[in-house]
Amino acid sequence: MSKVEILQVGPYPIWDDERLNARFTMHRYFEAEDKQAFLKEHAQKIRGIATRGELGASRAMIEALPALEIISVYGVGYDAVDLDAARARNIRVTNTPDVLTKDVADLGVAMMMCLSRGMIGAEAWVKSGNWASKGLYPLKHRVHGKRAGILGLGRIGYEVGRRLSGFDMDILYSDVAAKDYAPDWTFVEGAEKLAESCDFLFVTLAASAATRHIVGKQVIEALGPEGMLINISRASNIDEDALLDALESGKLGSAALDVFEGEPNLNPRFLALDNVLLQPHHASGTYETRKAMGKLVFDNLDAHFSGKPLPTPVL
Ligand code: 8YV
């Protein structure tokens, strides 16, 4: 029996390639020089897409594949998949929730600590010989006893809050409504009020058209010259131009960011700043989590083409 044909939008680690290649015929879109011609050549036979959170599947891609039945996303965020185009043709969509929650929260908290205590600069201070020649490293800011705001108290936001409680921080959060699973944390209505009320603002919202630029100029300025913004969600949740303006002018103290508009090609204005910590979208990037994500990508495709219920459906 011939294998089911799948379009692979981006690269996966070798262990995922091996498992997928054993079960399916994988068409490696990301390696094709002429992507249009590649799609056209295989379009009639492709029944599934295996993609990554940040790459998704556009309307044009979905519409170019008449036999498409399922899109399996390696990532919890599926904002880059055109859900309307998928829904219109009853195409199933799956993601990889839960398995990455704690790693993403860990990186967010580590970014806060790292930037607040100036650890990157401190290492450079040691390596450059400044410690010996110039003396003590400049003082930085503590985190304990400060107020942390969490914008979006879903799975990841909740784990961020749990970790921050361990650092003796006061936890505030905002979401569409107060959450009964967070009775000890303070609910604040609206992003601007939350930003005004905290020292560190974590953005942990699932991105959608409705949350685009939810952190705009006013929210950023409400966080203020002493405030720190930490983004481990999607770049689209923040107005990046307003963020850069505020970081350059000092209206915002600092920002720790794992996600960027147009990543991996960052706005060069970021590179000139010394009040930022820039990370290459790797909050879920541990062996343990990425292996679990890859397995879920496979399991969803395998279940669909075996006529079984999908483990983690979105649509
Ligand atoms: C991944 C992600 O970095 O889960 C998500 O939504 O963006 C990340 O976990 C990405 O999908 C890996 O390619």
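Read on for an overview of the structure. (Residues numbered from 1 in each chain as written. Predicted model: local features only at pLDDT ≥ 70, side-chain atom pairs only at ≥ 80, totals over all residues. Heavy atoms only, no water.)

1. Comments concerning the overall build of the protein
Here comes step 1: The helix and strand inventory of the protein stands at twelve helices and twelve strands.
Here comes step 2: Here the C-alpha atoms of the protein give a radius of gyration of 21 Å, agreeing with the 20 Å that 2.2 N^0.38 yields for 315 residues.
Here comes step 3: Principal-axis analysis of the C-alpha atoms gives the protein an extent of 70 × 50 × 30 Å.
Here comes step 4: For the protein, buried positions account for 49% of its 315 residues.
Here comes step 5: Taking contacts inside the protein between residues at least 6 apart in sequence as the whole, the part at least 24 apart equals 59%.
Here comes step 6: If you sum the accessible surface of the protein, you get close to 15,500 Å²; carbon and sulfur atoms cover 53% of it.
Here comes step 7: In the protein, which carries 35 positive and 42 negative side-chain charges, the distance between the mean positions of the two groups comes to 3 Å. (Helix = DSSP H or I, 4+ residues; strand = E, 2+ residues; numbered from the N terminus. Rg over C-alpha atoms; globule rule 2.2 N^0.38 Å. Buried < 20%, exposed > 50% of the residue type's maximum accessible area, 1.4 Å probe, protein only. Contact = heavy atoms within 4.5 Å. Areas by Shrake-Rupley, 256 points an atom, 1.4 Å probe, with all protein chains shown as cover. Lys, Arg positive; Asp, Glu negative; His and termini not counted. Charge placed at Lys NZ, Arg CZ, Asp CG, Glu CD.)

2. Some points on the sheet that holds strand β7 (residues 170–174)
Here comes step 1: Strands sit in the order β8-β7-β6-β9-β10-β11-β12 across an open sheet of seven strands; the sheet is parallel. Looking at which strands have only one partner, the edges of the open sheet turn out to be β8 (186–187) and β12 (276–278).
Here comes step 2: Here four bridges tie strand β10 (residues 228–231) to strand β11 (residues 254–257), and the two strands are oriented parallel to one another. From the neighbouring strand, M228 faces β11, where its bridge partner is S254. (Pairing = 2+ DSSP bridges.)

3. Comments concerning the packing of aromatic side chains
Here comes step 1: All chains considered together, the criterion is met by ten aromatic pairs.
Here comes step 2: An aromatic cluster is defined as three or more aromatic residues linked by ring pairs; in this entry it consists of F24, F298 and F305.
Here comes step 3: Sitting above the plane of the Y29 ring, K35 keeps its charged end 5.6 Å from the centroid.
Here comes step 4: For the cation-ring pair, K291 lies above W15, with the distance from its terminal atom to the ring centre recorded as 4.5 Å. (Phe/Tyr/Trp six-rings, centres within 6.5 Å; stacked < 30°, edge-to-face > 60°. Lys NZ or Arg CZ within 6 Å of the ring centre and 35° of its normal.)

4. Notes on the site of the ligand
Here comes step 1: The ligand sits among 13 residues. The nearest are Y74, V76, G77, H281 and S284.
Here comes step 2: One of the side-chain N or O atoms of R52 is found 3.0 Å from an oxygen atom in the ligand.
Here comes step 3: In isolation the ligand has 330 Å² of accessible area, and contact with the protein removes 95% of it.
Here comes step 4: Here the shell around the ligand is composed, by residue class, of four nonpolar, five polar and four charged. (Near = heavy atom within 4 Å. Polar contact = N/O pair within 3.5 Å; in protein donor to acceptor, adjacent residues only side chain to side chain. Nonpolar A, V, L, I, M, F, W, Y, C, P; charged D, E, K, R; others polar.)

5. What to know about the side chain of T51
Here comes step 1: If you trace the backbone, T51 turns up in strand β3 (residues 46–52).
Here comes step 2: Looking at T51, the relative accessible area reads 0%, which means it is buried.
Here comes step 3: Looking at T51, its side chain comes within polar contact range of the main-chain oxygen of G56, at 2.7 Å.
Here comes step 4: The contact partners of T51, leaving out residues within four places of it in the chain, are V9, Y12, G56, I71, S72, V73 and Y74.

6. Things to note about the packing of helix α1 (residues 14–23) against helix α12 (residues 287–305)
In helix packing, the relevant descriptors are the interaxial angle and the interaxial distance, both defined with respect to the helix axes.
Here comes step 1: Their axes nearest at 10 Å, the elements α1 and α12 cross at an angle of 10°. Looking at the two axes, α1 sits roughly parallel to α12. Residues W15, D16, R19, L20 and R23 of α1 pack against Y287, R290, K291, G294, K295, F298, L301, D302 and F305 of α12.
Here comes step 2: Among the residues making up the contact of α1 with α12, the classes are represented as six nonpolar, one polar and seven charged. (Axes fitted to C-alpha atoms, helices over the stretch in contact; angles between N-to-C directions. Parallel < 35°, antiparallel > 145°, perpendicular 65-115°, else oblique.)

7. Remarks on the nonpolar core
Here comes step 1: Membership of the largest hydrophobic core comes to 45 residues, with the highest contact counts inside it found for F24, M112, V160, L164 and L301.
Here comes step 2: With eight residues, helix α5 (residues 101–116) is the largest single contributor of residues to this core.
Here comes step 3: Counting residues domain by domain, this core receives three or more from each of domain 1 (5–99 + 288–305) and domain 2 (101–278).
Here comes step 4: Other than its neighbours up to four places away in sequence, F24 contacts K3, V4, I6, F298, L301, D302 and F305.
Here comes step 5: Judged by nonpolar contacts, the second largest core, of 29 residues, contains V188, A242, F270 and V276. (Core = buried A, V, L, I, M, F, W, Y, C linked by side-chain atoms within 4.5 Å. Domains from an automatic or database assignment.)

8. Brief notes about α5
Here comes step 1: Between its terminal C-alpha atoms α5 stretches 23 Å, which fits the 22 Å expected from 16 residues at 1.5 Å a residue.
Here comes step 2: Within α5, twelve of the 16 residues are buried, which leaves the element mostly enclosed by the surrounding structure.
Here comes step 3: Note on α5: the residue one or two positions beyond its end, G118, has a positive phi of about 65°. (Expected span 1.5 Å × (residues − 1).)

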